[in-house]
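# Structural overview for review
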Amino acid sequence: MSETGEPLGKIPATVVTGFLGSGKTTLIRHLLQNAGGRRIALIINEFGDVGVDGDLLKGCGEETCGEDDVVELANGCICCTVADDFLPTMQRLLERRPLPDHIVIETSGLALPKPLVKAFNWPEIRTRVTVGGVITLVDSAALAEGRFASDEAAVDRQRQADEMLDHESPLEELFEDQLLCADMVIMNKADLVAPEKLDQLEDGLREEVRSSVKFLRSENAAVSTDVLLGLSFAVEEDLDARPSHHDAEGDHDHDDFESFVVEAGEIADAGSLANALRPVLETHDILRLKGFAAVEGSGMRLAVQAVGPRIQHYFDRDWQDGEARRSRFVVIGEKGIDKAETRDALREAIG
């Protein structure tokens, strides 16, 4: 970095993608807590209308994730709103002094990475930033259960279970596109899968990606920062080698999914929350739940994340002075989910 805050070369960027609940926010939180003095700017894109991921990261207590270093794009999928949201955000980051040492972009679980990487070829960005690598996280436990899997056998099982299903699942296409653009695949939650099963899953994924793609296994998304930020592939110059189901299309949308917010008061007991939520998640086929809860008698905020029937929760920070003590969750389900019924069920479980 020069004395004026200008980088000596292009600023490297890392794109972190992965399906719902794969552990992207946990990965970035770990990265920030082990940044080694690097000044990291974050662009967080969420599906829905509440900034849960950004709040999780701002609450990590590290200098590298202050309020000014986290930019949230919660107005739509980043791959659909590149011109309206992403490009102006990048331009504002490049006007800052000192400039960031590294830019990390967390896409929503529903985003296609390739349209985002294409944006780095825009003249205003190309000369100043390069995409060092695309990292795709995989929920190994979910994959072992056949959820969000990319193999033909899983698709066949879905077809057999649903006589109306005569085409490839949109979840399948999203998952495959995230793999096809990856430079590194992190098989997260590896500790929840038997080693021999994990080997089988990795062998299957390797058949779907380029031979140069690196594979890592992780528990709680704990991966070395030097590994995460050490990729230097200039991805924006290598797009032809990264095919997508949507290459022949124009804009795409996510009409197959719906998201909404559920708000409630304080919960009585953090320990019993998972048991109360699990039947609701299964009955209403909730793909993803993420948010915060206020626990009676506790001065700390409870962060809650769920994908399928698996639920994680932990106290992430103290409640701030003047901050409303309430429970608030984003729910993501497939199109047609009964929002009113699901809200009532969740509020009853939380209460």
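What you are looking at is a predicted structure, and each value in this text was computed from that prediction instead of being measured.

### Considering the overall build of the protein
On a plain count of helices and strands, the protein comes out with twelve helices and twelve strands. For the protein, with 351 residues in total, the buried portion stands at 53%. Of the roughly 15,400 Å² that the protein leaves accessible, carbon and sulfur atoms contribute 45%.

### Digging into the side chain of Q178
Topologically, Q178 is positioned in helix 8 (residues 170-180). On the basis of relative accessible area, Q178 is assigned to the buried category, the value being 0%. Ignoring anything within four residues of it in the chain, the contact list for Q178 reads T17, G18, F19, S108, G109, A111, P113 and T136.

### Let's talk about the packing of aromatic side chains
A complete count under the given rule lists zero aromatic pairs for this structure. Lying over the aromatic face of F292, R301 brings its terminal NZ or CZ to 3.6 Å of the ring centre.

### Observations regarding the confidence of the model for the protein
Mean pLDDT over the protein stands at 77; residues scoring 70 or higher make up 75%. Contacts of residues 149-169 to residues separated by more than four positions or lying in other chains number 22 contacts, the stretch itself having pLDDT below 50. Throughout residues 250-254 the model reports pLDDT below 50, and contacts reaching past four residues in sequence, or to other chains, amount to ten contacts.

### Thoughts on the side chain of T130
Tracing the sequence through the fold places T130 in strand 5 (residues 129-139). Using a relative accessible area of 17% as the deciding quantity, one classes T130 as buried. Here the side chain of T130 touches E236 through a polar contact of 2.8 Å, side chain to side chain.

### Some thoughts on helix 11 (residues 273-283)
An α-helix turns once per 3.6 residues; consequently, residues spaced three or four apart project the same way. Of all the residues in helix 11, the buried ones are L273, A274, L277, V280 and L281. Along the axis of helix 11, the buried residues cluster in a sector spanning 130 degrees; they form a single face. Exposed side of helix 11, more than 90 degrees from the buried face: N275, E282 and T283 are the residues found there. In the segment just after helix 11, D285 is the residue with positive phi, at about 50 degrees.

### Comments concerning the pattern of salt bridges
Evaluation of the coordinates by the stated rule reveals twelve salt bridges. Residues R126 and E237 are paired through a salt bridge, measuring 4.0 Å at the closest nitrogen-oxygen approach. Here E237 lies in the loop between helix 10 (225-228) and strand 8 (257-264) and R126 lies in helix 5 (residues 123-126), a separation of 111 residues in the sequence. When its relative accessible area of 52% is taken as the criterion, E237 is described as exposed. A single network of salt bridges, built from pairs that share partners, joins D183, R210, D238 and R242.

### Some points on the environment of L231
One can find L231 in the loop between helix 10 and strand 8. Between the C-alpha atom of L231 and that of G132, which follows or precedes it by 99 residues, the distance is 5.0 Å. What L231 contacts, discounting residues up to four positions off in sequence, is G132, G133, I135, D183 and M184.

### Overview of the pairing of strand 9 (residues 288-294)
With seven of its seven residues buried, strand 9 lies for the most part within the structure. Going residue by residue along strand 9, you find R288, K290, F292 and A294 tucked away on one face and L289, G291 and A293 tucked away on the opposite face as well. Two elements, strand 9 and strand 12 (residues 327-334), share five bridges in a ladder whose sense is antiparallel. Paired with G291 across the strands is F329, a residue of strand 12.

Procedures and definitions
- Residue indices begin from 1 for each chain and proceed along its sequence in written order.
- Per-residue local features of the predicted model are confined to residues with pLDDT of at least 70, and side-chain atom pairs are confined, for both listing and counting, to 80 or more; whole-chain, interface and lining totals are unaffected and use all residues.
- Excluding hydrogens and water, the side-chain figures rest on all heavy atoms present in the structure.
- Helix and strand assignments follow DSSP, with helices taken as H or I runs no shorter than four residues and strands as E runs no shorter than two, numbered in order from the N terminus.
- Relative accessibility decides the category of a residue: with a 1.4 Å probe and only protein chains considered, values under 20% of the type maximum give buried, values over 50% give exposed, and everything between is partly exposed.
- Residue burial considers only the protein chains on display, and all accessible areas are found by Shrake-Rupley using a 1.4 Å probe.
- Contacts are assigned to residue pairs with any non-hydrogen atoms lying within 4.5 Å of each other.
- Ring pairs shown here join Phe, Tyr and Trp side chains whose ring centres sit within 6.5 Å, with only the six-membered ring taken for Trp; geometry is labelled stacked below 30 degrees between planes, edge-to-face above 60, and tilted in between.
- The criterion is that NZ of a Lys, or CZ of an Arg, lies within 6 Å of the ring centre and within 35 degrees of the ring normal, and then a charge sits over that ring.
- Residue-level confidence of the predictor is summarised by pLDDT, bounded by 0 at the bottom and 100 at the top.
- Any pair of N or O atoms that falls within 3.5 Å is considered a polar contact. Within protein, one atom must be able to donate a hydrogen and the other to accept it, and sequence-neighbouring residues count only if both atoms are side-chain atoms.
- It is the directions from the helix axis to the C-beta atoms that the arc portrays.
- Counted as salt bridges are all cases of a side-chain nitrogen of Lys or Arg within 4 Å of a carboxyl oxygen of Asp or Glu.
- One requirement defines pairing of two strands: DSSP has to find at least two bridges between them.

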